[in-house]
Amino acid sequence: MTIKEVARLAGVSPAAVSRFLNGGSISPEKSERVRKAIEETGYRPNPMAQTMRTGRINQVGVIVPRLYSESVSQITAGASQRLFEQGYMTLLGCTDHDQEAELRYIQIMQESQVAGIILMGAVLTPQIAEMIRSSRVPIVITGQNFEEFPCVYHEDFHAARDLMRLLIEKGRRRIVMIGAPENDIAAGLNRRRGAEQALLDAGLDASSMPYEVSTFDAKGGKETMERLLQKYPDLDGVICATDTMAMGAVSALREAGRDIPEDVSIVGVGDNWIDTVSVPPLTTAHLFFRQCGEEAAELLLDLIDSGTESTRPRQIRLQYLIMERGSV
């Protein structure tokens, strides 16, 4: 089946079918005839011909910082499903938190003629900012709020603030925090500031809160918790920047003979599946990761259709839910 045969069946010109397929101007009456002809014949455009005509392929690049992450997998699943529904395939690149790899992936994907890119959890260095500005295709960032660029992000500050408030309400006063690297504005800086704000709101000294930075894995959470236990053996509360860190911290607390929540309350951020089956179940802030991916895909598709310079960059802020469970 060719575009000429579809046009003959619909009683229109091949150019009209081409405009229909590429979102061009076509009358409603002709559009309906072309649509019916395509449904009857099962016609599918030739991907190579489309690439030659439009200069892009129906693929979207998704650049992630790591693969072994509940949040990354949910965001990727949400984005790829929405893109697939609109006829786009997903091309995945993993940087392993390497900023040079991030720059390289953005460059390679543009050279590969992708239609657009979703960049997950970026640290906005000057080099990456310039690469995004000069990109030939639209780029949407997830997990961070950078005002200059299209973003879908979470309420990290308020989620951490409410978790700290919960610990304070439970009578905890010797609270420590296991944080993320603060060049990650969302998970690192904003979550720390949220926790500090809750202490200030309660009339407590936020500047004296014991705080140590962990890597994003459970091993890092455990090692950081061990260090904090050595320095502050009388601690009675722990707030972690992520649930994965919290799981490592739980392991260290158990090995130290601390009972949860009788001796120590602990909370995380994210709401991973393991939180509900851990003993005790972890109190956390539920972030809508799959929705984040879906919204990022929708935003990118709008930019692909309208062009990269059409409007002021949109930022979409997602809400959160505090999931109070047995760890407090």
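Residues numbered from 1 in each chain as written. Predicted model: local features only at pLDDT ≥ 70, side-chain atom pairs only at ≥ 80, totals over all residues. Heavy atoms only, no water.

A. The sheet that holds strand β3 (residues 116-120), seen in detail. Taking strand neighbours across the sheet as the criterion, the 6 strands line up as β2-β1-β3-β4-β5-β11 in an open arrangement whose pairing is parallel. Only two strands of the sheet have a single partner each, and these edge strands are β2 (89-94) and β11 (315-318). Pairs of neighbouring strands in the sheet enclose a mean axial angle of 15°, with direction left out of account. As defined by bridge partners, β3 adjoins strand β4 (residues 139-142) across 4 bridges and the pair is classed as parallel. Following the sheet pairing, M120 is matched in β4 by T142. Of the strands in this sheet, β1 (59-64), β2, β3 and β4 touch helix α6 (residues 99-111), which is tilted by about 175° from β1. (Pairing = 2+ DSSP bridges. Helix = DSSP H or I, 4+ residues; strand = E, 2+ residues; numbered from the N terminus. Axes fitted to C-alpha atoms, helices over the stretch in contact; angles between N-to-C directions. Contact = heavy atoms within 4.5 Å.)

B. Spotlight on the nonpolar core. Counting 45 residues, the largest nonpolar core has I118, M164 and I239 as the members making the most contacts within it. Setting aside residues up to four positions removed in sequence, M164 forms contacts with I175, A195, A198, L199, M209 and I239. Core analysis: the second largest hydrophobic core is formed by 23 residues, I178, A246, M247 and I266 among them. (Core = buried A, V, L, I, M, F, W, Y, C linked by side-chain atoms within 4.5 Å. Buried < 20%, exposed > 50% of the residue type's maximum accessible area, 1.4 Å probe, protein only.)

C. Spatial organisation of the packing of α6 against helix α7 (residues 126-133). Relative to each other, α6 and α7 sit at 10°, their axes nearing to 10 Å. Judged on the interaxial angle alone, α7 and α6 are roughly parallel. Facing α6, whose interface residues are Q99, E102, L103, I106, Q107 and Q110, α7 presents Q127, I128 and M131. Classifying every residue of the contact of α6 with α7 gives 4 nonpolar, 4 polar and 1 charged. (Parallel < 35°, antiparallel > 145°, perpendicular 65-115°, else oblique. Nonpolar A, V, L, I, M, F, W, Y, C, P; charged D, E, K, R; others polar.)

D. Highlighting the pairing of strand β6 (residues 175-179). By the criterion of burial, β6 is predominantly enclosed, with 5 of the 5 residues buried. Alternating residues of β6 divide into I175, M177 and G179 and V176 and I178, and every residue in both groups is buried. In this sheet, strand β8 (residues 237-240) lies alongside β6 in parallel orientation, the contact comprising 4 bridges. If you follow V176 over to β8, its bridge partner there is V238. In the sheet, β6 pairs with strand β7 (residues 211-213) via 3 bridges, with the strands oriented parallel. Note on β7: the bridge partner recorded for G179 is V213. For the crossover from β6 across helix α9 (residues 185-201) to β7, the handedness is right-handed. (Right-handed = clockwise from strand over helix to strand, strands pointing away.)

E. Representation of the sheet that holds β6 in the model. Strands sit in the order β7-β6-β8-β9-β10-β12 across an open sheet of 6 strands; the sheet is mixed. Edge positions in the sheet fall to β7 and β12 (320-323), since each of these pairs with one other strand and no more. Adjacent strand axes in the sheet meet at a mean angle of 15° when their direction is disregarded. With 4 bridges joining them, strand β9 (residues 265-270) and strand β10 (residues 283-287) adopt parallel strand pairing. Bridging across to β10, V269 finds its partner in A285. Each of β6, β8, β9, β10 and β12 touches helix α8 (residues 156-169); the most contacted strand, β12, lies at about 20° to it. Relative to β6, α9 is tilted by about 170°, and along the sheet it contacts β6, β7, β8, β9 and β10.

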